[in-house]
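If you want the building blocks of each chain, they are given just below.
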Amino acid sequence: MDFFSSVFRLFFDLGILSWDVLLTLSNLVRRNRRIRHVTPEGHPGYGGYWPEYRPPKETDSRCSCPALNAMANHGIISRSGREISFVEVGYHIRATYNFSPTFCSFAPHFAARMLKKSYSKDTFDLEELDLHSGIEHDASLLRLDAAFQPDQSIKHVPFIEELLAAATGKDKDGNDLITTKDLSRMLGKRRAVARATNKEFSHSFFHKIFGSTNAATLVTVFGGRVDDLRSFLLHERIPESWESRVRQPYGLTLMTFNKTILGVEFGVCEQDWAEAAREAVERHTAPT
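Report on the accompanying structure. All figures in this text were calculated on a predicted structure; none of them were measured in a lab.

## Some points on the overall build of the protein
Part 1 of the reasoning: Each helix and strand counted, the protein has ten helices and four strands in total.
Part 2 of the reasoning: The order of α-helices and β-strands along the protein, N terminus first, is α-α-β-α-α-β-α-β-β-α-α-α-α-α.
Part 3 of the reasoning: For 288 residues, the compact-globule estimate of 2.2 N^0.38 gives 19 Å, and the protein sits close to it at 19 Å.
Part 4 of the reasoning: Overall, the C-alpha framework of the protein stretches about 55 × 55 × 40 Å when taken along its three principal axes.
Part 5 of the reasoning: A buried classification covers 49% of the 288 residues belonging to the protein.
Part 6 of the reasoning: The contacts in the protein between residues at least 6 apart in sequence include a share of 67% that link residues at least 24 apart.
Part 7 of the reasoning: Put simply, the protein shows about 15100 Å² of open surface, and 56% of that area lies on carbon and sulfur atoms.

## Let's talk about the side chain of N27
Part 1 of the reasoning: For N27, the location among the structural elements is in helix 1 (residues 2–29).
Part 2 of the reasoning: Residue N27 is classed as buried on the basis of its relative accessible area of 9%.
Part 3 of the reasoning: Separated by 3.0 Å, the side chain of N27 and the backbone oxygen of G251 make a polar contact.
Part 4 of the reasoning: Dropping the residues within four chain positions of it, N27 is found in contact with Q248, P249, Y250, G251 and T253.

## Things to note about the pattern of salt bridges
Part 1 of the reasoning: Applying the stated criterion across every chain, the model contains 15 salt bridges.
Part 2 of the reasoning: A salt bridge links D13 to R113; the shortest N-O distance between them is 3.1 Å. Pair noted here: D13 is in helix 1 and R113 is in helix 4 (residues 101–114), with a separation of 100 residues, a long-range link.
Part 3 of the reasoning: Overall, D13 belongs to the partly exposed group, its relative accessible area being 24%.
Part 4 of the reasoning: Judged by relative accessible area, which is 24%, R113 ranks as partly exposed.
Part 5 of the reasoning: A salt bridge links R185 to D182; the nearest nitrogen and oxygen atoms lie 3.2 Å apart. Residue R185 and its partner D182 are both found in helix 6 (residues 180–197); the two are separated by three residues, about one turn of the helix.
Part 6 of the reasoning: Several salt bridges share partner residues, and in doing so they unite R82, D125 and E127 into one network.

## Focus: the state of the cysteines
In a disulfide, the sulfur atoms of two cysteines are held together by a covalent bond.
Part 1 of the reasoning: Tallied over the full model, the rule gives zero disulfides.
Part 2 of the reasoning: With no disulfide of its own, C104 has C65 as its nearest cysteine by sulfur position, at a separation of 12 Å.
Part 3 of the reasoning: Judged by its relative accessible area of 6%, C104 falls in the buried class.

## With respect to a nonpolar patch on the surface
Part 1 of the reasoning: A contiguous nonpolar patch, built from V21, L25, L28, V29 and M255 and spanning about 500 Å² of accessible area, is present on the exposed surface.
Part 2 of the reasoning: Within the fold, L28 resides in helix 1.
Part 3 of the reasoning: Looking at L28, the relative accessible area reads 69%, which means it is exposed.

## Observations regarding unusual backbone geometry
Only a minority of non-glycine residues have a phi that is not negative, and only a minority of peptide bonds are not trans.
Part 1 of the reasoning: If you check the backbone angles, R36 has positive phi at about 80° while not being a glycine.
Part 2 of the reasoning: A positive phi angle is found at E236, which is not glycine, with a value near 50°.
Part 3 of the reasoning: Here E236 is to be found in the loop between helix 8 (226–235) and helix 9 (254–266).

## A few points about the packing of helix 5 (residues 157–165) against helix 8
Part 1 of the reasoning: It is at 11 Å that the axes of helix 5 and helix 8 come closest, and there the two elements cross at 170°. With respect to helix 8, the element helix 5 is oriented roughly antiparallel. Between helix 5 and helix 8, the residues in contact are V157, I160, E161, L163 and L164 and V226, L229, R230, L233 and L234, respectively.
Part 2 of the reasoning: Classifying every residue of the contact of helix 5 with helix 8 by side-chain character gives eight nonpolar, no polar and two charged.

Cut-offs and rules
Residues numbered from 1 in each chain as written. Predicted model: local features only at pLDDT ≥ 70, side-chain atom pairs only at ≥ 80, totals over all residues. Heavy atoms only, no water. Helix = DSSP H or I, 4+ residues; strand = E, 2+ residues; numbered from the N terminus. Rg over C-alpha atoms; globule rule 2.2 N^0.38 Å. Buried < 20%, exposed > 50% of the residue type's maximum accessible area, 1.4 Å probe, protein only. Contact = heavy atoms within 4.5 Å. Areas by Shrake-Rupley, 256 points an atom, 1.4 Å probe, with all protein chains shown as cover. Polar contact = N/O pair within 3.5 Å; in protein donor to acceptor, adjacent residues only side chain to side chain. Salt bridge = Lys/Arg side-chain N within 4 Å of Asp/Glu carboxyl O. Disulfide = S-S within 2.5 Å. Patch = residues over 30% accessible without salt bridge, like charges linked within 9 Å, V, L, I, M, F, W, Y side chains within 5 Å. Axes fitted to C-alpha atoms, helices over the stretch in contact; angles between N-to-C directions. Parallel < 35°, antiparallel > 145°, perpendicular 65-115°, else oblique. Nonpolar A, V, L, I, M, F, W, Y, C, P; charged D, E, K, R; others polar.

As structure tokens, then:
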């Protein structure tokens, strides 16, 4: 049974990659979606009109992913964050953030495999996605490591404020923008400090890429716009009148996304933060 499952996964992944190449090429020749028409008509958020934002209740389920939490907070997926269909969440990710059909098929399938559930039949609670060293990882830009904060739905506000303050870019109107170099720089600091202070630290190459993937979303889907990211990261709230900055007709494909991801990852340099890591160790070990 495991053999046949592995073969199926191989052919599925190859199929997704082939489809993704076609979508990437199609994006090059098709006209971009018009501004104010990126979110599909009939879907929540069309024309910039998002459903009412409601902060989560204590009994609601949330995870370390602001994108999923924001959809729950706006009622695009279950407000409770519970009993969410793998199939339906892919559809809503595509319509809300304009990721490609390939990404929105691959990601929920991957999550179902990680949780050992059926993609087509089962459901999940958001908190289940925070299986440590599964999708959730150490050295996050937005959360303390699980060794220090087991509940990964809890944002670490100082990290977020520091990230937003690190923006060095400007748009044509003079508004602050986070760049890929800014993300690489802050990821380098997070990794250096976490490695030095967390005795349970683990960060495989897979988790490095996943961390860079999360970071790359900020400059692709959100265009790096600090004003929008402040609402999204601090409150997990979709800004009023917002729509995805990805305007390609078939959305952000895996191939296109990977260019940004690798640009972020290859720019990371932990060694630049050796002094910050030493200072963090001193604070961490200092008597209280």
